[in-house]
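Examination of the molecular architecture
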Amino acid sequence: MFIREDWKLFGNIDTLCQKAGVTRNKIPNLVVKELVDNALDVADQVTVELVNSQTVAVYDDGYGISEEDLPVFFSINRPLVSSKLLRLPMRGALGNGLRVVTGAVIAFGGSIVVETRGKIYKIITKANGKSDIEVIGVRDDIIGTRVIVNFGFDLAVDALAWGQNAMAFSQGKRYQGKTSAYWYTSEAFYDLCNAYQGTLRELVEYFHGVNKIMAVNFADYFGGDMETSEMSFEQTEELMKLLREFTGRVDKKKIGLIGDFGEASHYDYRKCYGEYTAFSTKGKYHATIPYTAEVWAELSDDNHHRFSVSVNRTPITGEVEISYYGANEIGIYGCGFRGYLKGRKANMFINLITPYMPITSDGKEPDFSYFNEDIMKIAQRTMQKAKRTYQLKKTATLISRDVIFSYMDEAIDAVSGSGKHVFSQRQLYYQIRPHVISVLDKGLEYTYFCRVLTEYENAYGKINGLYRDPRGSLYHPHLGTELPLGTQQVDEYERPSWTFNKVLYIEKRGLFPQLIDSKFPERYDCALVTSQGHASRAVKDLFDLLGDSDEEIQFFVIHDADAAGTMIYQTLQDETLSRPKRRVKIINLGLEPWEAVEMGLQVEEIKRKNNSTTKLPVARYLYERSDAYEWKEWMQHNRIELNAMSTPAFLEWLENKMEKYGAGKIVPPDYVLYDKLKERIGENTRVQLIQKILNESNFESLLEKEIMKNEIEGIEMIGKLQERVVEELTNNPVDSWTNPISRIAKEIVER
């Protein structure tokens with residue numbers, strides 16, 4: 001048998017390449033990148049310099065490295081010391097990075113000098129993989145750390161490129177919080193506990209939502225402050241369960257981003273937020289991993305095009321290939337990427353920020369397959385934006401639509417506060433309008449902007465955070481509740497189960513009271529929907545949402561007997577730019593002009609503005625009648641409102657229509673009926689039994705004594721309450737002060 005210890009792989013150039021995940025000629029690039037990454041983890045200012053053709057120096061203004069730690073950090077024969085097990089959306093700390101740096105010097109016969117905390121040290125590597133240090137000078141002016149690496153051979157011209165990219169990407173918003181229990185699978189959490197050199201109480205304080213008092217309670221739950229490395233898999237799962245129960249999730253939009261580099265960079269920029277599930281194979285708990293994906297792109301006439309991929313602001317070492325097919329297709333593949341983009345050659349940069357990046361090798365080659373779809377989607381949109389920017393520079397023959405599309409991303413970013421807030425359609429209009437005026441020297445009509453906005457969403461997908469103001473409402477039978485209908489409300493809407501099987505769209509909100517007073521919604525299990533005039537985007541979204549549910553449902557519409565009323569039905573049913581195929585069938589109940597005239601309802605003459613002779617459009621279904629032309633002409637000058645009917649006449653007319661077309665009352669299937677029966681039996685039995693037990697156990701007296709006992713414990717906390725409340729509100733600023741008080745009360749009662 002041949003046995004070789006793992007650390008020895010770092011001292012041989014062939015096996016070092018295996019551990020580092022790069023080819024021999026890229027080792028210097030990786031060394032510089034690792035030094036820059038470590039420096040950026042601890043410092044605000046980092047500089048990389050090519051001292052001479054064989055030597056690189058990396059400076060930082062951090063807190064320096066102690067004399068005791070130096071020989072350990074720059075040894076290849078040592079345990080892997082890494083913060084990567086503690087999942088955070090930031091660069092890794094001292095892990096394989098410095099072992100690669102030291103291994104490269106050993107393999108190439110180079111040298112390392114470190115200037116830190118007032119002294120200059122030479123790192124002396126030894127055959128056993130350990131390192132010693134030798135003080136070779138003193139410098140009182142040293143601030144932070146300066147690492148100087150001589151490779152012993154002339155470096156390539158791009159040896160600093162990876163490190164420089166890492167420095168360029170060090171801007172933007174960084175995650176300021178703690179790790180989350182939801183970011184770990186059962187196995188990953190066990191590995192974290194097993195590797196941590198400390199107690200359970202100390203470890204849980206690293207987690208989001210945990211304060212010192214909670215940490216003590218967690219330790220007490222396990223019978224004392226035990227060493228986490230001694231915990232069994234079952235115990236770590238129990239701890240993970242408790243952490244998830246008592247701490248909230250971290251908002252995925254808070255994990256950080258690099259952001260737009262601004263106008264000076266000439267790059268167009270897009271971002272998206274997402275989550276993916278990492279599945280546990282032998283435990284109970286899966287991980288929910290948040291991420292921010294960012295893409296920058298620039299079209300140019302230069303034949304040399306740059307492309308790079310980064311994770312958590314630092315370039316990856318894995319190979320991602322970009323290929324061009326003809327003049328208008330780009331292929332991206334490697335490290336889990338697989339896809340094609342429409343567009344011409346461009347400079348492109350991709351960055352992913354996440355607390356956990358799946359890797360496939362010792363060299364930390366990332367697996368982007370989990371994020372491929374989202375990244376390809378925003379890369380395509382960034383390329384489209386870059387194309388429009390390029391065209392704006394090349395041509396003066398622009399239309400308003402071009403300018404709106406070109407500035408849409410910038411306006412969305414501005415009006416949403418870089419994705420932090422929701423925003424209205426009109427707010428977006430006021431962000432775009434100045435750009436149109438500046439570029440085209442003409443104004444922008446709001447109605448035209450809304451139409452172009454729909455085209456934009458049809459082309460690039462729904463705009464996150466955009467809501468359209470409520471222009472209607474939804475009334476629920478049996479519940480008596482009414483929901484304002486805007487796009488945001490519809491996005492969050494969940495249909496109450498087995499409550500209604502019909503929906504009636506009414507042109508006029510004023511008819512709601514008559515229907516509700518007569519119990520029409522309850523008698524027909526029918527929800528009522530209205531909008532201002534033609535059905536809004538939110539109403540159409542609601543109909544499609546309801547049409548996708550498992551419960552059968554019928555959709556009806558009533559309207560005035562006029563040209564506009566017929567078009568209300570047609571636009572509600574028709575395909576639109578935002579939904580190429582309608583998913584529901586609308587039944588038109590009228591009121592039609594011929595039936596209104598036959599009913600003898602009062603006819604109104606239409607007064608046209610400025611004596612306009614423009615023909616009023618009417619719905620296509622009218623042309624199915626042999627007398628369609630006569631009624632079309634009638635509607636150019638006349639109309640009859642639903643309100644022309646008295647309330648009894650209106651209700652009789654509508655009920656006759658519903659009897660003809662509508663399904664009966666809701667009667668759920670047996671399993672639903674049984675589940676409800678079982679639930680009600682349980683509720684009634686519980687109430688009856690609780691009352692019986694209370695009466696027999698002298699409950700009121702016992703309750704009074706228990707309250708007095710617990711109140712004594714509450715009195716003992718006077719003087720400490722404010723400190724506890726302030727601490728909890730600092731950790732959870734969205735809370736009211738009453739929430740910490742409720743938690744304290746719960747702790748007292750459960751002791």
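For the structure itself, consult the block above.
Presented here is a report on the structure given in the accompanying data block. Because the structure is predicted, anything quoted here is derived from the model rather than measured.

1. Side note on empty space enclosed by the protein
This structure, assessed with the given rule, holds 2 cavities of 30 Å³ or more. By volume, the largest cavity is sized at about 60 Å³. Lining the largest cavity, in full, are Ser180, Tyr182, Trp183, Arg249, Val250, Glu275, Thr288 and Pro290.

2. Considerations on the pattern of salt bridges
Side-chain pairs of opposite charge can arise whenever the charged atoms involved come near each other. Taken as a whole and judged by the stated rule, the model has 24 salt bridges. One salt bridge connects Asp158 with Lys26, and the closest N-O pair in it is separated by 3.5 Å. Residue Asp158 is located in the loop between β6 (145-150) and α5 (161-168), and its partner Lys26 is located in the loop between α1 (13-20) and α2 (27-42); the two are separated by 132 residues in the primary sequence. Relative accessible area serves as the criterion here: at 23%, Lys26 is assigned to the partly exposed category.

3. A few points about the packing of aromatic side chains
Scanning the model with the defined rule gives 29 aromatic pairs in all. Each ring, one from Tyr190 and one from Phe233, has its centre 5.6 Å from the other, and the planes form 55°; the classification is tilted. In this pair, Tyr190 is assigned in helix α6 (residues 186-195) and Phe233 in helix α9 (residues 233-246), connecting sequence segments 43 residues apart. What makes Tyr190 partly exposed here is its relative accessible area of 24%. An angle of 90° between the planes, with centres 5.1 Å apart, marks the rings of Tyr276 and Phe371 as edge-to-face. Here Tyr276, found in strand β9 (residues 268-278), pairs with Phe371, found in the loop between β16 (346-353) and α10 (372-394); they are 95 residues apart in sequence, far enough to count as distant. In this structure Tyr276 comes out as buried when scored by relative accessible area, which is 7%. Here the aromatic cluster, defined as three or more aromatic residues joined through ring pairs, consists of Tyr276, Tyr291, Phe337, Phe368, Tyr370 and Phe371. In this structure, Arg495 packs its charged tip against the face of Phe500, placed 5.1 Å from the ring centre.

4. Considering the sheet that holds strand β14 (residues 329-334)
What the 3 strands build is an open sheet, ordered β13-β14-β15; its pairing is antiparallel. Across the chains shown, the open sheet's two edge strands, defined by having one partner strand only, are β13 (321-325) and β15 (337-342). Here the average twist between neighbouring strands, direction ignored, is 15°. When β13 meets β14, the two strands line up antiparallel, connected through 5 bridges. Each bridged residue has a counterpart across the sheet, and for Tyr325 the counterpart in β14 is Glu329.

5. Quick word on the environment of Met214
Topologically, Met214 is positioned in helix α8 (residues 212-221). Met214 sits 203 residues away from Gly11 along the chain, and the two C-alpha atoms are 46 Å apart. For Met214, the contacting residues outside a window of four places in its chain are Gly209, Phe246 and Thr247.

6. So, the packing of helix α24 (residues 721-731) against helix α25 (residues 738-750)
Interaxial distance between α24 and α25 falls to 9 Å at its minimum, and their mutual angle equals 120°. Between α24 and α25, the angle falls in the class oblique. Judged by the sense of rotation from one axis to the other, the crossing of α24 with α25 is right-handed. Counting all contacts with α24, which are made through Leu721, Arg724, Val725, Glu728 and Leu729, the residues of α25 involved are Pro740, Ile741, Arg743, Ile744 and Glu747. By residue class, the composition of the contact of α24 with α25 is 6 nonpolar, no polar and 4 charged.

7. A few points about the sheet that holds strand β10 (residues 287-299)
The 5 strands are arranged β9-β10-β16-β11-β12 in an open sheet whose pairing can be described as mixed. Each edge of the sheet is formed by a strand with only one pairing partner; in this case those strands are β9 and β12 (314-315). The pairing of β10 with β16 spans 8 bridges and is classified as antiparallel. Counted as the bridge partner of Glu294 is Asn351 from β16.

8. A word on the packing of helix α12 (residues 425-440) against helix α13 (residues 446-460)
α13 packs onto α12 with a crossing angle of 105° between their chain directions and a minimal axis gap of 10 Å. With respect to α13, the axis of α12 lies roughly perpendicular. Facing α12, whose interface residues are Gln425, Arg426, Leu428, Tyr429 and Ile432, α13 presents Tyr446, Phe449, Cys450 and Leu453. Counted by class, the contact of α12 with α13 contains 7 nonpolar, 1 polar and 1 charged residues.

9. Some remarks on the pairing of β10
Burial analysis of β10 places 12 of its 13 residues in the buried class, the great majority of the element. Looking at chain direction, β9 and β10 are connected through 11 bridges and run antiparallel. Of the residues in β10, the one forming a bridge with Gly274 is Tyr291.

10. So, the side chain of Asn501
Mapped onto the secondary structure, Asn501 falls in the loop between α14 (487-491) and β21 (502-506). Accessibility expressed as a relative area gives 12% for Asn501, which makes it buried. Polar side-chain contacts of Asn501 include one of 2.8 Å to the side chain of Lys502.

11. Section: helix α11 (residues 400-416)
Helix length check: α11, at 17 residues, gives a terminal C-alpha distance of 23 Å against a target of 24 Å (1.5 Å per residue), a fit within 8%. Maximal helix bending in α11 amounts to about 50°, located at Met408. Three or more residues of α11 are buried, namely Ser400, Val403, Ile404, Phe405, Ser406, Met408, Asp409, Ala411, Ile412, Val415 and Ser416. Positioned one or two residues after α11, Gly417 has a phi angle of 65°, which is positive.

Definitions and cut-offs
- Each residue is numbered by its place in its chain's sequence as written, counting from 1.
- With pLDDT at 70 or above as the cut-off, local features in this predicted model cover only qualifying residues; side-chain atom pairs require 80 or more to be listed or tallied, and sums for whole chains, interfaces and linings still use all residues.
- To obtain the side-chain values, all non-hydrogen atoms of the structure were used and water was disregarded.
- In the cavity and pocket records, a cavity denotes points on a 1 Å grid over the protein atoms alone where a 1.4 Å probe fits but cannot get out, a pocket denotes an open set with protein on both sides within 12 Å along at least 5 of 7 lines, and lining residues are residues with an atom within 4 Å of a point.
- Grid points are joined across faces, edges and corners, and a volume is the space filled by probe spheres set on the points.
- Each salt bridge in this description consists of a side-chain nitrogen of Lys or Arg and a carboxyl oxygen of Asp or Glu lying within 4 Å of one another.
- Counting from the N terminus, the helices are the DSSP runs of H or I reaching at least four residues and the strands are the DSSP runs of E reaching at least two.
- When accessible area is computed with a 1.4 Å probe and restricted to protein chains, residues below 20% of their type maximum are described as buried, those above 50% as exposed, and intermediate ones as partly exposed.
- The rule is short: rings of Phe, Tyr and Trp, with Trp giving its six-membered ring, pair when the centres are within 6.5 Å, and they are stacked under 30 degrees, edge-to-face over 60, tilted in between.
- Charges are assigned to positions over rings by a cutoff of 6 Å between ring centre and Lys NZ or Arg CZ, combined with an angular limit of 35 degrees from the ring normal.
- Only strands that DSSP links by at least two bridges are regarded as paired with each other.
- Here, axes are lines fitted to C-alpha atoms. For helices the fit covers the stretch in contact, and angles between N-to-C directions go from 0 to 180 degrees.
- We call two residues in contact when some of their heavy atoms are within 4.5 Å.
- Any angle from 65 to 115 degrees is called roughly perpendicular, while one under 35 is roughly parallel, one over 145 is roughly antiparallel, and all others are oblique.
- Crossings are classed by handedness, with left-handed meaning an anticlockwise turn of the near helix from the far one by less than a right angle and right-handed meaning a clockwise turn.
- Residues are grouped as follows: Ala, Val, Leu, Ile, Met, Phe, Trp, Tyr, Cys and Pro are nonpolar; Asp, Glu, Lys and Arg are charged; every other residue, Gly included, is polar.
- Think of a polar contact as two N or O atoms within 3.5 Å of one another; within protein, one of them needs to be a possible hydrogen donor and the other a possible acceptor, and neighboring residues in sequence only count if both atoms come from side chains.
- Expected span, for any helix, means 1.5 Å times one less than how many residues it has.
- To get the bend at any residue, fit one axis to the seven residues that end at it and another to the seven that begin at it, then take the angle between the two axes.

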